[in-house]
There are 2 protein chains.
Amino acid sequence: MKKIHLLLILLSVFTEAFTQDKVPAVTMGNVTLQFEITPDGVPGYSVSYAGKPVIKPSQLGFVLSGNDAFNKGFKITGINTKAVDENWRPVWGEVSSIRNNYKQLTVHLQQEGGRMLDIVFRVFADGVGFRYEFPKQPGLKYFIVTDELTEFTMAGDHKTFWIPGDYDSNEYKYSTSKISQINNIKVVTDATDIAVRVAPDKYAVQTPLMMKSADGLYINIHEAALINYSSMQLHTDTALYKFTSSLVPDAVGNKAYLHAPFNTPWRTIIVSNKAVDVLASKIILNLNEPSAIANTEWIKPMKFVGVWWEMQTGKGTWSYATSVDDINADGSLKPSGAHSANTANVKRYIDFASANGIGGVLVEGWNTGWEDWFGNWKENVFDFVTPYPDFDVAELNHYAASKGVKMIMHNETSGSATNYERQLDTAFKFMNQYGYPAVKTGYVGRIIPRGEHHDGQWMANHYLRVIQKAAERHVSVDAHEPMRPTGLHRTYPNFMASEAGRGNEYNAFSNGNPPEHETILPFTRLMGGPMDYTPGIFKLKGYAPGLPDRQVYTTLAKQLALYVTLYTPLQMVADLPENYALHMDAFKFIKDVPVDWEDTRIIEAEPGDYLTIARKGKGTNDWFIGAITDENARASTIPLDFLPKGQTYKATIYADAEGTSYKDKPEKYVIKQYAVKSGTKLRVKLGQGGGAAISLTPVTKDELKWLIKYK
Amino acid sequence: MKKIHLLLILLSVFTEAFTQDKVPAVTMGNVTLQFEITPDGVPGYSVSYAGKPVIKPSQLGFVLSGNDAFNKGFKITGINTKAVDENWRPVWGEVSSIRNNYKQLTVHLQQEGGRMLDIVFRVFADGVGFRYEFPKQPGLKYFIVTDELTEFTMAGDHKTFWIPGDYDSNEYKYSTSKISQINNIKVVTDATDIAVRVAPDKYAVQTPLMMKSADGLYINIHEAALINYSSMQLHTDTALYKFTSSLVPDAVGNKAYLHAPFNTPWRTIIVSNKAVDVLASKIILNLNEPSAIANTEWIKPMKFVGVWWEMQTGKGTWSYATSVDDINADGSLKPSGAHSANTANVKRYIDFASANGIGGVLVEGWNTGWEDWFGNWKENVFDFVTPYPDFDVAELNHYAASKGVKMIMHNETSGSATNYERQLDTAFKFMNQYGYPAVKTGYVGRIIPRGEHHDGQWMANHYLRVIQKAAERHVSVDAHEPMRPTGLHRTYPNFMASEAGRGNEYNAFSNGNPPEHETILPFTRLMGGPMDYTPGIFKLKGYAPGLPDRQVYTTLAKQLALYVTLYTPLQMVADLPENYALHMDAFKFIKDVPVDWEDTRIIEAEPGDYLTIARKGKGTNDWFIGAITDENARASTIPLDFLPKGQTYKATIYADAEGTSYKDKPEKYVIKQYAVKSGTKLRVKLGQGGGAAISLTPVTKDELKWLIKYK
């Protein structure tokens, strides 16, 4: 990332002896932050938007180990303020340039006894970020956080879109309820399709938490720059509509081991009276540090196909033999014949990718160990360098290279992070040896070190160690089953994608995702960073052998639209080549759609209902639009205001065919082309669970001869 | 190790349908083992010695996770027996050839429901070993041990020599009490000199546990070949004189994660009516597997000096700066001037070693991180490759090589095993690069992964991983603060020594070790393997600046004797060169004494009272004797029966001077030489806390001219 413009206005930088209990409010646009401290010295804050309360007075602080209160008895010893207005360029992303414009308030606190704590607020026009900073000080060097007491007291019984606060999984369907109705017991109990569920607090929900108030505010709570700390989940006080930070504990119940000086992650509150502003917010990215990687030229966004959906749907297997006990006289495994990651099959995917401009091929199940990998809390599962006998790693990487395609590595850890760490050097050297530019990691299973959780501090450090090691080796990372992202891809742009949510795969091995799912994800999971959702399923029913009722709860056109609405720079093209072969006209949209964008406009959005986004490809004049809806059919009007005036574009509209819905004929679509201009308002009809995908390219002279002008 | 002789007599190998509940007893010499099974199908056993009960009927079995009883409902489906009589040669050790002579009984058990368990007993003339074997079977594949139920029901209220069953430390003083009086609360509470103590069961004691019965039996309980399992501690039923296996739990309370087929460690019961037989027993070594290392020529026993005692006593420091905050303007540490591991000081040790035929020099505190290494449960403490600015690693290894001395590496982990594992490759490559043939590892502090313990299964695997990695790199290991050894040095002869007990160092930083301590260690801690006790302190008082009362509770002569009585192939010469310089006549014994032996004779022994051992140097005709006593003075008569008939020897006797004791003039000694023969009975007087060291070399003609014949 390069900082292209810096306008830093130091409004006032001072540390004064501060005797009043009232610190001046800080306002940016409609957003006002007020810091407060009680007579007992408990720090707190409140946030309002255009005069409406967003966060009512809420307390701040910690309990440290030994029941040591670090949330009261504070006095303000000074404040600093400053203002920043700068622009920076991400290596890849939804826009090519990001403005970072905020006012900062730092409150210096000191406890009786001398211990110090700073609380730093950054107030943006679309929300607030704040974090705790523990200065270097004699009285607080190494310390253990027993509890973080950060409160978010909401102003009403808002509508919320939540998943349980589970220490090990983000892969739940979303529940929509009032704050007062939050209770995750039934959700957790029923989620038998999730392998590992640990959700001891029935009132805990995960962040990003999306809310809508009765008076029309859209509010999102999450965190930014989670480094060397536990994930923040939210404990709900259903009577007071109050959320309190609930950090994921370690094996012995502690929340974080810290060493001053230390800054916690930022707690973020994004707020607007327009839902589209929440999606457009760059607060979380702006609160992360600039790239720690100097040379980022090797980091390449791309689409990829993969030997994966055939295993998810049961057509093939990850494993080479039926069971670990299915062996020949010499002890070697007996091939079952169903192993998908075989050289011939992988070459088929390479050929398909090459023919269609898809940059990568991901192969899961290539390395030994899959007969016996899951569910036993087994430490030494995979070695990450030993292929099955039918997978010729050298030949395949050579073949892929000859076809202009890159192979993507797969390292499943089975949750055994210790085993992976012992072999990181070996694993990444292997990737370098064979030219793999990216790795998909996996953490399916209970974590080892035993007692640790996917979302705790130890694993936060683990995921980052993997990303850092990968960066040293010029490998990009797509992490599956990690903690949900917090914008760290600004600092580590090789951390290109992660799962940490309920992906399209649930349509393969469970009862799937409801039609509203993809309209909620951008407001929740994706707030922190790109998601490897794996869109692009064209065969929407009948793909799971022996399970005729299994289906994807979208139309085919909606699958296309997801390439615009669910952003990631490593984007899967998830279905099988033979399923695409039947719809190559629709597949053209997937071929054409970029994975790196110059600009993005959120046209319309309502969490749980619908979403329309337009994006301009980086380095091109082409725009792409994705529009999706939930279980309700919808007529969407899309004003093409963003097109440059005076330039006629060819709009190619991939829409649900008449009568198409996720229930009926979901694979029916129509493709139409028109000449459009900046003033045009496109009208598209989305079936139930449907969508529309639109590409907009400047017309050629020849096209002008035959294109009909859109009316 | 080479197997030099194999005499394998298969008495009977059969698997028969076994319908009786009584399995024939197995007897070797005085030892008889009886297997039994109750009408409820609970397996059990008893052991007797010359008709005296040693282990009264005691139950066997497990509880598996889910409160799954795997200790009852068994039927015997068959038995196998065999007998073995073979000899093998250890790579190094107390003797050059070891006889392994036992009768084996395997009892095949099957539970209602079909699950199988084998219990294998090996009966030796000096005791019994048994283990559980989980055969490969459909009904038991991966499983978790919640509790091992192995009982050792003693036949009386024996005198015991015990330390608490602590999950993290073996560094206690020994308590001597009746079984009925075992209670570790006060011992644990008072042991403030031990950094990490976790002993939740007040009735738990550590093994090896030494006992003496009222009817004159010496009984020792321990385990052999502890691999991929937790340490066995013993819970005491003080009313029934019964010990039950108490496995050290992991972070979530489980005892072991197993995968059939699996064999547990051997549970060992050594018994004799002579204390010396316990010390001479090779049961634990014999129950370990032969060397897993094919080429062992690079494994070299040696003595070593070290920049260590000066830090232990407070004369110098491990750290380079006084504190991590003591830094210069450029952020570099300000040297305190007290750093012992500086190039000039280390050269002094190299010079001393070279001049006196000492093979190695250990340097602790050479690498950065010591300002801030302990007590904070900090994960990333050391990197194992970055020397302090005043330690020139290349120059020192070059200098040592030029003097014929080897440098010994030091890797302190601070208990952060995860951090060490991540850097093992790097650390061992560094040792290879600079020619270090051995590493002293350290685990001072609470373990990371947090919630794990020094003595649990995860750490058992960790210690072995380090040993295996070291073997690949041709490095020998001296592990400090590990779990206590179980004879694994037979299988991994590069695992040359470990601490896992209360070493001489406690005389430096605490109130030290009582005079009886070294008479108990061989019956307890050393039963499992060599101990890096670090003997050889010559300055026995006044060595700790500012602490005039601090002292070593032995005489100087006893320090010499420890080189014979406390065996290890990596033996420290622990005091400072300047302290040796004042007693170079006594130091000659340390120069002369070997660290690898052809033969060993335990002359006399009583745990807690006294011990006299004679050993013959490997590849020489020289014998060395060490005699030590507890807080009581003692006259010892040592018959030199082991000398070859007809050969006159020169005996050099290093003895306590008249009136010398650990309290008065402990550094006074006399050295006398005589001509002796096989029939000679040497009489030596040991002061309180005293000892005597004797070397025996075949006389030269010239010596015969002047030596006085011993009378």
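Residues numbered from 1 in each chain as written. Chains lettered and ligands numbered in written order. Predicted model: local features only at pLDDT ≥ 70, side-chain atom pairs only at ≥ 80, totals over all residues. Heavy atoms only, no water.

Trainee: Looking at this structure, how should I read the confidence of the model for chain A?
Mentor: Should pLDDT be low for a region, the predicted coordinates there are not to be read in detail. Residues and elements named next belong to chain A. Summary statistics for chain A give a mean pLDDT of 96 and a share of 97% for residues scoring 70 or more. Per-residue pLDDT, averaged within each element of chain A, yields its smallest value for strand E1 (residues 2-9) (44) and its largest for strand E23 (residues 266-272) (99). Here residues 1-20 is a poorly scored stretch, pLDDT under 50, and it has 58 contacts once near neighbours within four places are set aside; other chains count. If you check the scores for this complex, the pTM reads 0.95 and the ipTM reads 0.93. (pLDDT = per-residue confidence, 0-100. Helix = DSSP H or I, 4+ residues; strand = E, 2+ residues; numbered from the N terminus. Contact = heavy atoms within 4.5 Å.)

Trainee: Whenever I open this one, the interface of chain B and chain A confuses me. Can you help?
Mentor: Interface extent is often summarised as the accessible area lost during association of the parts. Contact residues are listed per partner, giving 27 residues for chain B and 27 residues for chain A. Regarding the contact of chain B and chain A, the summed buried area is about 2,400 Å², with carbon and sulfur atoms giving 51% of it. Connecting chain B to chain A are six salt bridges. Lys141(B) is the partner of Asp372(A) in a salt bridge, and the nearest nitrogen-oxygen pair spans 3.6 Å. Where chain B meets chain A, there are 10 residue pairs in polar contact (both at pLDDT 80 or more). Residue assignment for the side of chain B that touches chain A shows that the elements contributing at least two residues are strand E21 (256-259), helix H7 (417-422) and helix H9 (457-472) of chain B. Per-element tally for the side of chain B that touches chain A: the top contributor is H7(B), with three residues. Tallied by class, the residues present in the side of chain B that touches chain A amount to nine nonpolar, five polar and 13 charged. (Buried area = accessible area lost by both parts, 1.4 Å probe. Salt bridge = Lys/Arg side-chain N within 4 Å of Asp/Glu carboxyl O. Polar contact = N/O pair within 3.5 Å; in protein donor to acceptor, adjacent residues only side chain to side chain. Nonpolar A, V, L, I, M, F, W, Y, C, P; charged D, E, K, R; others polar.)

Trainee: Looking at this structure, I do not really get the UniProt feature "domain: Glycosyl-hydrolase 97 N-terminal" (unreviewed entry) in chain A. What am I missing?
Mentor: Under the local residue numbering, the UniProt record ascribes the feature "domain: Glycosyl-hydrolase 97 N-terminal" (unreviewed entry) to residues 29-290 of chain A. Taken end to end, residues 29-290 of chain A is 6% helix and 50% strand, and its first and last C-alpha atoms sit 25 Å apart. (UniProt positions renumbered as here; feature names shortened; annotations may be inferred.)

Trainee: In this structure, what is going on with the relation of the copies chain B and chain A? I would like to understand it.
Mentor: Two chain copies here: they are related by a rotation about an axis and a translation along the same axis. With an RMSD of 0.0 Å, the operation that places chain B on chain A is a rotation of 180 degrees combined with a shift of 0.0 Å along the axis. Expressed as a symmetry operation, the mapping of one chain copy onto the other fits a two-fold axis. Comparing interface residues between copies, 100% of those in chain B also sit at the interface in chain A, which points to an isologous, same-surface contact. (Least-squares fit on C-alpha atoms with pLDDT ≥ 70 in both.)

Trainee: Would you mind showing me how to read the pattern of salt bridges here?
Mentor: Pairing between side chains becomes possible if they bear opposite charge and their charged atoms approach one another. Inspection of the entire model under this criterion finds 66 salt bridges over all chains. One salt bridge connects Glu421(A) with Arg465(A), and the closest N-O pair in it is separated by 2.8 Å. Here the residue Glu421(A) occupies a position in helix H7 (residues 417-422), and Arg465(A) occupies one in helix H9 (residues 457-472), the gap between them amounting to 44 residues. Of the two residues, Glu421(A) and Arg465(A), neither departs from the other in class, the shared state being buried. A salt bridge links Glu148(B) to Arg267(B); the shortest N-O distance between them is 2.8 Å. Here Glu148(B), found in strand E12 (residues 142-148), pairs with Arg267(B), found in strand E23 (residues 266-272); they are 119 residues apart in sequence, far enough to count as distant. Each of the two residues, Glu148(B) as well as Arg267(B), counts as buried. (Buried < 20%, exposed > 50% of the residue type's maximum accessible area, 1.4 Å probe, protein only.)

Trainee: Please clarify how the sheet that holds strand E6 (residues 62-64) of chain B should be interpreted in this entry.
Mentor: Each strand in a sheet pairs with another by means of backbone hydrogen bonds, the pair being arranged parallel or else antiparallel. Residues and elements named next belong to chain B. Read from one edge to the other, the open sheet built from four strands follows the order E7-E6-E12-E21, with strand pairing classed as antiparallel. Because the sheet does not close on itself, it has two edges, and the strands there are strand E7 (68-70) and E21. Sheet twist, expressed as the mean angle between neighbouring strand axes with direction ignored, is 40 degrees. In terms of strand pairing, E12 meets E21 through four bridges, oriented antiparallel. Opposite Tyr142, over in E21, you have His259 as the bridge partner. (Pairing = 2+ DSSP bridges. Axes fitted to C-alpha atoms, helices over the stretch in contact; angles between N-to-C directions.)

Trainee: Before we go on, may I ask you to explain the packing of aromatic side chains in this structure?
Mentor: What describes a pair of aromatic rings is the distance from one ring centre to the other and the angle between the planes of the rings. All names here are of chain A. Under the counting rule described, the total for this entry stands at 77 aromatic pairs over all chains. When the ring of Phe352 is compared with that of Tyr580, the centres are 5.8 Å apart and the planes differ by 10 degrees; the resulting orientation is stacked. Taken as a pair, Phe352 in helix H5 (residues 343-355) and Tyr580 in helix H13 (residues 577-580) lie far apart in primary sequence, 228 residues in all. Taking relative accessible area as the criterion, Phe352 reaches 11% and is therefore assigned buried. Looking at Tyr580, the relative accessible area reads 0%, which means it is buried. The interplanar angle of 50 degrees and the centroid separation of 4.8 Å between the aromatic rings of Trp370 and Phe382 together place this pair among those described as tilted. Of the two residues, Trp370 is situated in the loop between strand E25 (360-363) and helix H6 (393-402) and Phe382 in the loop between E25 and H6; the sequence distance between them amounts to 12 residues. As far as the burial class goes, Trp370 and Phe382 line up, both buried. By way of ring pairs, the aromatic residues Trp318, Trp370, Trp373, Phe374, Phe382, Phe384 and Tyr420 are connected into one cluster. (Phe/Tyr/Trp six-rings, centres within 6.5 Å; stacked < 30°, edge-to-face > 60°.)

Trainee: How should the side chain of Thr491(A) be read in this particular structure?
Mentor: Residues and elements named next belong to chain A. Residue placement: Thr491 occurs in the loop between strand E28 (476-479) and strand E29 (495-498). The class for Thr491 is buried, based on a relative accessible area of 7%. At a separation of 2.6 Å, a polar atom in the side chain of Thr491 contacts the main-chain carbonyl oxygen of Glu289.

Trainee: Please explain the sheet that holds strand E29 (residues 495-498) of chain B as it appears in this structure.
Mentor: All names here are of chain B. Read across the open sheet, the seven strands follow the order E29-E28-E27-E26-E25-E24-E30; overall the sheet is parallel. Taken across any chain shown, the strands that pair with only one partner, and hence form the sheet edges, are E29 and strand E30 (570-572). Taken pair by pair, the neighbouring strands of this sheet meet at an average axis angle of 30 degrees, ignoring direction. Alignment of strand E24 (residues 302-307) against strand E25 (residues 360-363), held across four bridges, turns out to be parallel.

Trainee: Help me understand the packing of H5(A) against H6(A), please; the structure alone is not making it clear to me.
Mentor: For any two helices packed against each other, the geometry is given by the interaxial angle and the distance between the axes. All names here are of chain A. At their nearest, the axes of H5 and H6 sit 10 Å apart, and the two run at 15 degrees to each other. Comparing their axes, H6 and H5 come out roughly parallel. Crossing hand, H5 versus H6: right-handed. Residues Thr343, Val346, Lys347, Ile350 and Asp351 of H5 form the contact with H6, whose participating residues are Glu395, Leu396, Tyr399 and Ala400. Here the residues of the contact of H5 with H6 are counted per class, giving five nonpolar, one polar and three charged. (Parallel < 35°, antiparallel > 145°, perpendicular 65-115°, else oblique. Left-handed = near helix turned anticlockwise from the far one by under 90°.)

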